[in-house]
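# Architecture at a glance
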Amino acid sequence: GNSVTQMEGPVTLSEEAFLTINCTYTATGYPSLFWYVQYPGEGLQLLLKATKADDKGSNKGFEATYRKETTSFHLEKGSVQVSDSAVYFCALLPSSNTGKLIFGQGTTLQVKP
Amino acid sequence: EAGVAQSPRYKIIEKRQSVAFWCNPISGHATLYWYQQILGQGPKLLIQFQNNGVVDDSQLPKDRFSAERLKGVDSTLKIQPAKLEDSAVYLCASSLGLAGGSETQYFGPGTRLLVL
């Protein structure tokens, strides 16, 4: 079946540090991949997405590349800020495109000044 | 553009009571989703509507959960009777509902339910 696995959190970094949050998936065919972010007290917001192999999604300094060969979609940012503190969810939309997003368990990021 | 609206934001009930949540999607969005997010886990789809028809309710506990989307706009999700394990955040999302593609789902702020 379809599933998403994220690295365990919380991840604690100092401001301006480099961020990587690992995400791997299991799916048949060619799913679309997403990163959503949930700031404290708010709903999920789409951060970036990639719809085919080797696509790179990017937004607000965050990047993730769809790697079919390693079934991965790792989230990276070169220099994090305190305002990036949030919970990050990796998700996939199966190639059948029924609309049913499959989420990972989420990774909490804490950035300290 | 207004986002997805949900109410109430918080609800505390005792087990075996009933509760209802309301969602108003983004104007013009044909597809509406209800997700359940248990603490420490990612959201899990409960039910998906396309206009006022159900597309997927395979993970909805139909013995206690029900949902409707009258007139293809607003939706309500009901739990009756509630169990302790229903304590979670209930998220509503909507999307344009275009055939094919990988369209974005837009999420509301959620309703946090605590069952005592």
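Worth saying up front: this structure is predicted, and the values here are computed from it rather than measured.

Take the sheet that holds strand S3 (residues 19-21) of chain A next. Residues and elements named next belong to chain A. Spatial ordering of the open sheet is given by S3-S9-S8-S7, a layout of four strands whose pairing is antiparallel. Of all strands in the sheet, those with a lone pairing partner are S3 and strand S7 (56-59), marking the two edges. Between one strand and the next, the sheet's axes are offset by a mean angle of 15°, whatever the strand orientation. Here four bridges tie S7 to strand S8 (residues 62-65), and the two strands are oriented antiparallel to one another.

What follows is about the packing of aromatic side chains. Tallied over the full model, the rule gives 12 aromatic pairs over all chains. On the basis of an interplanar angle of 90° and a centroid distance of 6.2 Å, the ring pair of A:Phe89 and A:Phe103 is categorised as edge-to-face. Here A:Phe89, found in strand S10 (residues 86-93), pairs with A:Phe103, found in strand S11 (residues 102-103); they are 14 residues apart in sequence, far enough to count as distant. As far as the burial class goes, A:Phe89 and A:Phe103 line up, both buried. For the ring pair B:Phe65 and B:Tyr90, a centre distance of 6.4 Å and an interplane angle of 40° mean the geometry is tilted. On the criterion of sequence distance, the pair formed by B:Phe65 in strand S7 (residues 65-68) and B:Tyr90 in strand S9 (residues 88-95) is long-range, its members being 25 residues apart. For B:Phe65, a relative accessible area of 4% gives the class buried. Since its relative accessible area comes to 0%, B:Tyr90 is described here as buried. One cation-aromatic arrangement involves A:Lys68 over A:Tyr30; the distance from NZ or CZ to the ring centre is 4.2 Å.

Quick look at a nonpolar patch on the surface now. Taken together, B:Ile12, B:Leu114 and B:Leu116 make up a surface patch of nonpolar side chains, about 300 Å² in accessible area. Relative to the helices and strands, B:Leu116 resides in the segment after strand S11 (111-115).

A word on the environment of A:Thr51. All names here are of chain A. Inspection of the secondary structure puts Thr51 in the loop between strand S6 (44-50) and S7. By relative accessible area, Thr51 is classed as partly exposed at 32%. Each C-alpha atom, one on Thr51 and one on Glu69, is 15 Å from the other, the two residues being 18 residues apart in sequence. A polar atom in the side chain of Thr51 sits 3.5 Å from the side chain of Asp55.

Residues and elements named next belong to chain A. Cis geometry is found at the peptide bond from Gly9 to Pro10, where omega equals -5°. By the element assignment, Pro10 lies in the loop between strand S1 (3-6) and strand S2 (11-14). Even without glycine at this site, Glu16 takes up a positive phi of about 80°. Among the structural elements, Glu16 can be located in the loop between S2 and S3.

This paragraph deals with the interface of chain A and chain B. Contacts between the two partners involve 21 residues from chain A and, on the opposite side, 24 residues from chain B. Across the chain A/chain B interface, buried area totals approximately 1500 Å², and carbon plus sulfur atoms make up 48% of it. Inspection of the region where chain A meets chain B yields zero salt bridges. Seen at the junction of chain A and chain B, the total is three residue pairs in polar contact (both at pLDDT 80 or more). Elements with a contribution of two residues or more to the side of chain A that touches chain B: strand S5 (32-38), S6 and S10 of chain A. Ranked by the residues each element gives to the side of chain A that touches chain B, the list is headed by S5(A), at four residues. Grouping the amino acids of the side of chain A that touches chain B by side-chain chemistry returns eight nonpolar, 10 polar and three charged.

Basis of the calculations
- Residues numbered from 1 in each chain as written.
- Chains lettered and ligands numbered in written order.
- Predicted model: local features only at pLDDT ≥ 70, side-chain atom pairs only at ≥ 80, totals over all residues.
- Heavy atoms only, no water.
- Pairing = 2+ DSSP bridges.
- Helix = DSSP H or I, 4+ residues; strand = E, 2+ residues; numbered from the N terminus.
- Axes fitted to C-alpha atoms, helices over the stretch in contact; angles between N-to-C directions.
- Phe/Tyr/Trp six-rings, centres within 6.5 Å; stacked < 30°, edge-to-face > 60°.
- Buried < 20%, exposed > 50% of the residue type's maximum accessible area, 1.4 Å probe, protein only.
- Lys NZ or Arg CZ within 6 Å of the ring centre and 35° of its normal.
- Patch = residues over 30% accessible without salt bridge, like charges linked within 9 Å, V, L, I, M, F, W, Y side chains within 5 Å.
- Areas by Shrake-Rupley, 256 points an atom, 1.4 Å probe, with all protein chains shown as cover.
- Salt bridge = Lys/Arg side-chain N within 4 Å of Asp/Glu carboxyl O.
- Polar contact = N/O pair within 3.5 Å; in protein donor to acceptor, adjacent residues only side chain to side chain.
- Contact = heavy atoms within 4.5 Å.
- Buried area = accessible area lost by both parts, 1.4 Å probe.
- Nonpolar A, V, L, I, M, F, W, Y, C, P; charged D, E, K, R; others polar.

In short, the description is geometric, and any link to function would need to be established separately.
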